[in-house]
Amino acid sequence: MSRADAGTPEAPAARRPSPLWTLALFRSELTTTFRRWRTVALLGVLAAVPVLIGIAVKIETSDGGGIGQGGGGGGGEGEAPAFFSQITNNGIFLVFAALAATLPVFLPMAIGVIAGDSIAGEASSGTLRYLLVAPAGRARLLLAKFTTVLAFCLAATLAVAVTGLATGALLFPLGDFTLISGTTVSFGDGLVRALGVAAVVALSLVGVATLGVFISTLTNSGVAAMATTVGLVITTQILDTIPQLHTIHPYLFPHYWLSFADLLRDPVYWDDLVKNLGLQGLYAAVFGSAAWARFTAKDITA
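The residue numbering used here restarts from 1 in each chain and proceeds along that chain's sequence as written. Totals for whole chains, interfaces and linings use every residue, but because this is a predicted model, local features are given only for residues with pLDDT of at least 70 and side-chain atom pairs only at 80 or more, for both listing and counting. Hydrogens are left out, water is left out, and the side-chain values use all remaining heavy atoms of the structure.

## Focus on the overall build of the protein
Condition: Elements are defined by DSSP. Helices are runs of H or I of four residues or more, strands are runs of E of two residues or more, and each kind is numbered from the N terminus. The rule is simple: take the accessible area with a 1.4 Å probe, protein chains only, and divide by the maximum for that residue type; under 20% is buried, over 50% is exposed, in between is partly exposed. By definition in these notes, contact holds between two residues if any of their heavy atoms fall within 4.5 Å. Each accessible area is a Shrake-Rupley result for a 1.4 Å probe, and residues are judged covered by the shown protein chains and nothing else.
Within the protein one finds twelve helices and two strands. Secondary structure elements in the protein, listed N-terminal to C-terminal, are α-α-α-α-α-α-α-α-β-β-α-α-α-α. Buried positions account for 44% of the 302 residues belonging to the protein. Excluding contacts between residues fewer than 6 apart, the proportion of contacts in the protein whose partners are at least 24 apart in sequence is 76%. Element-wise, carbon and sulfur atoms account for 65% of the exposed surface of the protein, whose accessible area totals about 14700 Å².

## What to know about empty space enclosed by the protein
The cut-off we apply is this: Here a cavity is any set of points on a 1 Å grid over the protein atoms alone where a 1.4 Å probe fits but cannot get out, and a pocket is any open set with protein on both sides within 12 Å along at least 5 of 7 lines; a residue lines the site when it has an atom within 4 Å of a point. Grid points are joined across faces, edges and corners, and a volume is the space filled by probe spheres set on the points.
Under the counting rule described, the total for this entry stands at one cavity of 30 Å³ or more. Taken together, Glu29, Thr33, Arg36, Arg38, Ile114, Asp117, Ser118, Lys145, Thr148 and Val149 make up the full set of residues lining the largest cavity. Counting only elements with at least two residues in the lining of the largest cavity, the list comes to α2 (19–35) and α8 (138–171). With three residues, the top contributor of residues to the lining of the largest cavity is α8.

## Considering the packing of aromatic side chains
The condition is simple: Here a Phe, Tyr or Trp ring, Trp counted by its six-membered ring, pairs with any other such ring whose centre lies within 6.5 Å, and the pair is stacked when the planes are under 30 degrees apart, edge-to-face when over 60, and tilted otherwise.
This model, assessed by the stated rule, comprises eight aromatic pairs. Aromatic pair phenylalanine 34 and phenylalanine 152: ring centres 6.3 Å apart, planes at 45°, arrangement tilted. Taken together, the positions of phenylalanine 34 in helix α2 and phenylalanine 152 in helix α8 put the pair 118 residues apart, joining distant regions of the chain. Where phenylalanine 214 meets phenylalanine 287, the ring centres are 5.7 Å apart and the plane angle is 50°; that geometry is what we call tilted. Highlighted residues: phenylalanine 214 in helix α10 (residues 206–216) and phenylalanine 287 in helix α12 (residues 271–297), separated in sequence by 73 residues.

## A word on the packing of α8 against α10
Formally: The axes used here are C-alpha line fits, helices contributing only the stretch in contact, and every angle between their N-to-C directions lies in the interval 0 to 180 degrees. Take the far helix as the reference: if the near one is turned anticlockwise from it by less than a right angle, the crossing is left-handed, and if turned clockwise, right-handed.
Where α8 contacts α10, the two axes come as close as 10 Å, and the packing angle between them is 145°. With respect to the hand of their crossing, α8 and α10 are arranged in right-handed fashion. Note on element contacts: α10 touches α8 through Val206, Ala209, Thr210 and Val213, opposite Leu142, Phe146, Val149, Leu150 and Cys153.

## As for the nonpolar core
The line we're drawing: Only buried residues count toward a nonpolar core, which is a set of Ala, Val, Leu, Ile, Met, Phe, Trp, Tyr and Cys residues joined through side-chain atoms within 4.5 Å.
Within the largest apolar cluster, 68 residues are counted, with the highest numbers of intra-cluster contacts made by Phe83, Phe96 and Phe260. Here the element with the most residues in this core is α8; it accounts for ten residues. Not counting residues within four places of it along the chain, the set of residues in contact with phenylalanine 83 comprises Phe93, Phe96, Ala97, Ala100, Ile180, Phe260, Ala261 and Leu264.

## Brief notes about a nonpolar patch on the surface
Selection rule: Residues form patches when they are more than 30% accessible in relative terms and have no salt bridge. Like charges link within 9 Å. Nonpolar side chains (Val, Leu, Ile, Met, Phe, Trp, Tyr) link within 5 Å. A pairing counts as a salt bridge when a side-chain nitrogen of Lys or Arg comes within 4 Å of a carboxyl oxygen of Asp or Glu.
Taken together, the side chains of Val105, Phe106, Met109, Ile234 and Ile238 make up a nonpolar region of the molecular surface, amounting to roughly 420 Å² of accessible area. Of all the secondary structure elements, the ones that give two or more residues to the nonpolar patch are α5 (106–116) and α11 (222–239). Relative to the helices and strands, isoleucine 234 is located in helix α11. We classify isoleucine 234 as partly exposed; its relative accessible area is 42%.

None of the figures reported here should be taken as evidence of function without further support.
Right under this line is the structure:
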């Protein structure tokens, strides 16, 4: 054995991050994201929508008149039932009305801002390289970012739903719940269905979230990633309203968003709900794989 060999200790093998460290990374990303003023402002704006709707309906019906909007309508093919006309009968309908009002524009735009900034925002601020110095690995960091965006999807949906329920309870009567199919169920059953609706709405945003994270890996500009994601959301919504493009409508991620209304039927209509969740899963698989392939091979310079 040479002197050099005798005096030089063997290099330690590369250690993999422990599961506890990985959980700490997820917790750190969640804390950082939800402490930002931008995130708080987005949640505040979303929470204000049900309050504004409830106040507007209360003022309009204070003289004993109706809202002037008929009931009925389908769920999954881009048309939601007229929940607004039922709010004065039962405040729980404010939850569904607020979700139906925010899902086409406000919720996906908020998700687009958070998702678009997830990777690109770190690059533009110069902190991405420092995050990768830690023994996390690119795949774990990307997964932590994606998990945080999904957590925001749930938080944003709950902000609308919980505020809607609280406002509806304060301004309108509560009680037995009449489904859009005409069946009357207990208030407890209505709350369970409201929770199911909120879960479906949150899952409906997975496609937007995954697309936004993928776009965020393509650029070092957080503003560009956010603008591109929001622009694609608006463009896709427009395409989904053009009858001549009906062939591609079932493949557009917002096409089945309003299928959550089918949970308010007896029996529940599962066809469009299953199509919606399957489509969101497809977008998550395709663009999630694309984001992983791009980020793990990306030359990090910022």
